[in-house]
Amino acid sequence: MRTGYTWAALGLAVLLLAAAAQAGWVMRAVLLDVASLWPGWVVTIGPLFIRRRIPRPYRRGARSGPAAAAPLILLVWVFIGLGLHLAGWGALPSSAGNLAGPSVDDGITSAALDVEMDGAVELEGGAGQLYEVDPMRVGGRTAPARSSEAWVDGDVTIHLREGPDPGWFGSGGWRASLSTSPRWTVIVRAANLKADLTEVNLTSLRVAADGSVRLGDPSGEVPVDVDGELVLEVPWDAAVELTGPGRVGPGWEITAAGRRYAGKGDSRYLIRAGPESDLTVEQWRGGQEGGEG
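Parameters and conventions
Residues numbered from 1 in each chain as written. Predicted model: local features only at pLDDT ≥ 70, side-chain atom pairs only at ≥ 80, totals over all residues. Heavy atoms only, no water. Helix = DSSP H or I, 4+ residues; strand = E, 2+ residues; numbered from the N terminus. Buried < 20%, exposed > 50% of the residue type's maximum accessible area, 1.4 Å probe, protein only. Pairing = 2+ DSSP bridges. Salt bridge = Lys/Arg side-chain N within 4 Å of Asp/Glu carboxyl O. 1 Å grid on protein atoms, 1.4 Å probe; cavity = no way out; pocket = protein on both sides within 12 Å on 5 of 7 lines; lining within 4 Å. Points joined across faces, edges and corners; volume = space filled by probe spheres on them. Nonpolar A, V, L, I, M, F, W, Y, C, P; charged D, E, K, R; others polar. pLDDT = per-residue confidence, 0-100. Phe/Tyr/Trp six-rings, centres within 6.5 Å; stacked < 30°, edge-to-face > 60°. Lys NZ or Arg CZ within 6 Å of the ring centre and 35° of its normal.

## A few points about unusual backbone geometry
In this structure, D153 is a non-glycine residue whose phi angle is positive, near 55°. Relative to the helices and strands, D153 is located in the loop between strand 5 (145-152) and strand 6 (155-162).

Put into structure tokens, the structure is as follows:
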């Protein structure tokens, strides 16, 4: 009876995992990831059957045999596979869609990232290479990213586009990170964007998406063009000029072109909001945002 329960638990776990993949809670590739761990199954279950072949007088403590232990071991491997999948272990089949750009030591002085896709994008700084792109671990219809690079002397432009067919590797979108070394021009056209660019040295930013973007201190005059339902977070002491519709906090003054926040220093953000956009500009300081006005 106990053996029947363990096999039933294993079957239920596999069915639930397949249902979660079908519902889009995880990538369908999670099933490939779990199956790819079959050498571990063999190594851990094999000794049970070898032990069973030992003459009975020498295995007094083995009453249930491999029939009861095997499904328990397989169940553990299912959970191990799921955990490694969610952690994004690079050796799994689901990581086949990962991208990594060239080394930042290749004499790159400035770079441009142009992203266009129908899903969601999470963008941040701190990549070990020039850029890195991984699929999100939630399921969806977004195919893995494909990149093309155009080089002119020390400048490079990276285009990220969806592949032709998501297949087993469809996800909810991409997680992308950029190196902090060169100055970046960033263009994103997506359904949704969540970006933390506090570590990215921006030359300019153009966003056509809903979501949120957090910026660090500007260097020089940094144009920011936005179109969509967006929350844009800027440092509390940064100088900012806003042209077009948008909600701002206290301390802003009205100008002929829009609104302005004096801030500190000569650098500033020049924000231009599209006529159909729904923009909220917030100011952050150590995790605290300024209120709306």
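There's more to say after this.
## A short note on the pairing of strand 2 (residues 110-116)
In terms of burial, strand 2 is largely enclosed, as five of its seven residues are buried. Summarising the sheet, strand 2 and strand 8 (residues 183-197) pair through seven bridges and their orientation is parallel. Within strand 8, the residue paired with A112 across the bridge is T185.

## Remarks on the pattern of salt bridges
Within the structure shown, the criterion is met by 11 salt bridges. Where E233 meets R214, a salt bridge forms, and the shortest distance between an N and an O atom there is 2.5 Å. You can see E233 sitting in strand 11 (residues 229-235) and its partner R214 sitting in strand 9 (residues 202-215), a full 19 residues away along the chain. Residue E233 shares its accessibility class with R214, and that shared class is buried.

## Observations regarding the layout of surface pockets
In this model, the largest pocket occupies a volume close to 350 Å³. Taken together, 21 residues form the lining of the largest pocket, with E122, L123, E124, R175 and A176 sitting closest to its centre. For the lining of the largest pocket, the secondary structure elements donating two or more residues are helix 4 (66-87), strand 3 (120-125), strand 4 (131-135), strand 7 (173-178), strand 8 and strand 9. By residue number, the principal contributor to the lining of the largest pocket is strand 4, which donates four residues. Residues belonging to the lining of the largest pocket are distributed by class as follows: seven nonpolar, four polar and 10 charged.

## A look at the confidence of the model for the protein
Looking at the protein as a whole, its pLDDT mean stands at 89, while 90% of the residues score no less than 70. Across the protein, the secondary-structure element scoring lowest on mean pLDDT is strand 17 (residues 288-289), at 48, and the one scoring highest is strand 9, at 98.

## Brief notes about the packing of aromatic side chains
Here the distance between the centres and the angle between the planes together describe a pair of aromatic rings. In this structure the tally under the stated criterion is one aromatic pair. Centre to centre, the rings of W252 and Y261 are 5.8 Å apart; their planes meet at 50°, and the pair counts as tilted. Stacked on the ring of W284, the Lys or Arg R214 has its end atom at 4.4 Å from the ring centre.

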